[in-house]
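Observations on chain architecture
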Amino acid sequence: MRNGHTYGDIADPATLGKGGMDPATPVITREQAWTVFNARQPAFQVTVTQTLANATWSAIYGRAIFNIQPCGGGGVHGVGGAQDRIPGHTPAYFANTGCMGIGCGCENTGIPPAVWIGFDHGNPTNKTRSIWPRIPTSDNDANTTEHCAGVVWEAGGKLDLFSLLHPGYLEFKDDLYFTSSKLSVNSDGELEFGKDPKDMEPDICLVKLRYRPRNDEVFDKIWIVVNSTVTWAIFNQWLAENPDINWTAGLPAPFPSIPLTISTSWFGTVSTNVNVSAMNLTGTLWHPPENKNSFMHHDARFEMRSHPITGGHGHQAMYDGQGNLITAPIAAGTADLWAPYSSWNIPYPDTDHLKQDVQPFIRALQLDGNPVLPTNVNRNFNRPCIYMGGYTGNYIEKRPVLPTGVRP
Amino acid sequence: MKTSPLILTASLAAALSGFGQSNIVYYGINSNALDVVFVDTNLSQKAQSAIVTDLRICLSEWGKTGELRLRDNAGFAGYLYIGTSCPHYPEGIEFPDNIVSNGTAGIALQIPKDLSDAYTNAFKFAAANAKAFAAANTFVAFVSSTNFNSVPPKQISDYILYNKAPAKLYELAFSDITNSLRKQTYYPPSVLGFYHSTEGPASKNLWMFVPSSSNDRKDWAPFPAIWHKGKWKFCIWEDNPQYNLP
């Protein structure tokens, strides 16, 4: 039991002393804390507000506000899952105390360490969500998985899942195990690679870390994305074939924003549309904005495409729900080696744009560990992305967001 | 425009008749023979032959990069590895790749029951849309031939469809359209590559994936075509196009 306390009106140490209190000493005893805590169950933490007065100087009084909760990682035995440690889902280990408050009383209680077990945020293989905001889907299990790791298949390959955990798990290893939605995990906690996947069809495994003593409670979750050797080879070949971006120099700069019209129907439905008539596109080399709703550009809502310039190159610009140009990948648009639309604004009936601009983007995201499969002939993903890493960064270097800046 | 000699010989009709075929497919640059076995032992010989014929159509060009990767797991001898997804098949259907022991005959490509069921349904679908299915190969053969180069601007709309596009647009964009289409090589579709969708001008539209390749057959992709007014036409459907007309 810990009863870390904070002081309201009499928070400075001198005044505390006049109040007969010591910053390092709990306000009440451990036994008293248990009594208060147990009287208010169910509760994870109980907050107590108490008026205090000084026996000698009765004019000095104030309030003590302090919290009471069991020692440990928030669980009965001081062990908890990082999955439930919100915000951040960060695993941690405290050898003697889980109390972070003033005058906390967890020491020397004989209580096991306070541990939040989960995938280590500092591990170079693990990646933690860096693409915001979260886009909820109907799959809550997927929505709440905040880690991913991209690996490349190899014959007989395995991934030691325990090696991905924060070291705090070690004392509890025998009580921990992993399950996976795809492929298999052996008794040593290794994810065993199966067949070499096909290009852009990685084996996407939702791996769950489970704790046996608590009915196999899920302590943390991670996507492991096992990519094809072909995906890795083609992406690196594509990088080598795109040594510079000089071709982007002639691309038109995009508009910093687009005008929107917000209207409400008789039924109260609010719709946002582009007010195209308020834009002067004459002589700009830009086609009018269109609605866009694809996980490939995360939360972007509108898209503009440029006419092809000499060489067939083009520029894509994405805008958010307020009509502002998005400049942060992956929601942002990029330069295209092959413009997908002609100057008549018809889609070209070939696969140049698909092969040179779209599929390298898909491969980069998958190699970074995003648990996404292309759908609708490579026009969307089956779920939102969560992480932008080195491969996607390499892609953006070759297909920059704003190679010629923004229109004044 | 590149042409594929295979188009002249392979046809959906062969897949649909399916008689006279032994259950063997060919893969790899040297056209290695590989037996085919079916998990569904109740499947008729006619259905088996039709499926094998369709597998051959898929493997004839796309399968040239295929290789066997064998291993020693009990009941699972290995797999047929082709690094890209099958451009003949729609999303959600996997080309079979399990290689199993086949008694004294050695090894065989195993067709799972869900795939043979999908084929069985596709054959019924083909029979119900016989005219469109028969026209599919004619369309692919024509757009792959040099005769396609003689199509005048006023007739290009017989081979490609843009939503709500006036005739003038097809003529203006004629060179863009034909130059694009000529960048690819087209191959006969699989019977599995046909599907209905609400996407298109009607409430229910028949589509097919036309397998295509570019970059000397390294880059494969399914290219969509729609059955429109009794003809197959390439189509990238857009609900609300904003054409840039003069």
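Further up the page is the structure itself.
As the structure is a prediction and not an experimental result, all values here were calculated from the model. (Residues numbered from 1 in each chain as written. Chains lettered and ligands numbered in written order. Predicted model: local features only at pLDDT ≥ 70, side-chain atom pairs only at ≥ 80, totals over all residues. Heavy atoms only, no water.)

Okay, helix 3 (residues 45–62) of chain B next. Over its 18 residues, helix 3 of chain B runs 26 Å from end to end, which matches the ideal 26 Å to within 8%, given 1.5 Å per residue. In terms of burial, helix 3 of chain B is a largely internal element, 15 of the 18 residues being buried. (Helix = DSSP H or I, 4+ residues; strand = E, 2+ residues; numbered from the N terminus. Expected span 1.5 Å × (residues − 1). Buried < 20%, exposed > 50% of the residue type's maximum accessible area, 1.4 Å probe, protein only.)

Here the focus is the side chain of Asn163(B). Residue and element names in this part refer to chain B. Examined against the element boundaries, Asn-163 turns out to sit in the loop between strand 7 (160–161) and helix 6 (167–172). Assessed through its relative accessible area of 10%, Asn-163 is described here as buried. Polar side-chain contacts of Asn-163 include one of 2.8 Å to the backbone oxygen of Glu-238. At a separation of 3.2 Å, a polar atom in the side chain of Asn-163 contacts the main-chain carbonyl oxygen of Asp-239. (Polar contact = N/O pair within 3.5 Å; in protein donor to acceptor, adjacent residues only side chain to side chain.)

Counting residues at the interface gives 37 residues for chain A, matched by 40 residues for chain B. Counting each side, the surface lost to burial between chain A and chain B is near 3,100 Å², with a carbon and sulfur contribution of 50%. Linking chain A with chain B are 4 salt bridges, by the criterion used here. A salt bridge links Asp350(A) to Lys183(B); the nearest nitrogen and oxygen atoms lie 3.7 Å apart. Taken together, the connections running from chain A to chain B amount to 23 residue pairs in polar contact (both at pLDDT 80 or more). The set of elements that each furnish at least two residues to the side of chain A that touches chain B consists of helix 4 (229–241), helix 5 (352–367) and strand 21 (374–375) of chain A. When residues in the side of chain A that touches chain B are grouped by element, the largest group, 3 residues, is from helix 5 of chain A. Partitioned by chemical class, the residues of the side of chain A that touches chain B number 15 nonpolar, 12 polar and 10 charged. (Contact = heavy atoms within 4.5 Å. Buried area = accessible area lost by both parts, 1.4 Å probe. Salt bridge = Lys/Arg side-chain N within 4 Å of Asp/Glu carboxyl O. Nonpolar A, V, L, I, M, F, W, Y, C, P; charged D, E, K, R; others polar.)

Residue and element names in this part refer to chain A. With an omega of -5°, the peptide bond between Trp-132 and Pro-133 qualifies as cis. By the element assignment, Pro-133 lies in the loop between strand 7 (127–128) and helix 3 (140–143). Backbone torsion omega between Pro-329 and Ile-330 reads 10°, so that peptide bond is classified as cis. Note that Ile-330 resides in the loop between strand 19 (314–319) and strand 20 (335–336). Despite not being glycine, Asn-345 has its phi angle at roughly 65°, a positive value. Structurally, Asn-345 is set in the loop between strand 20 and helix 5.

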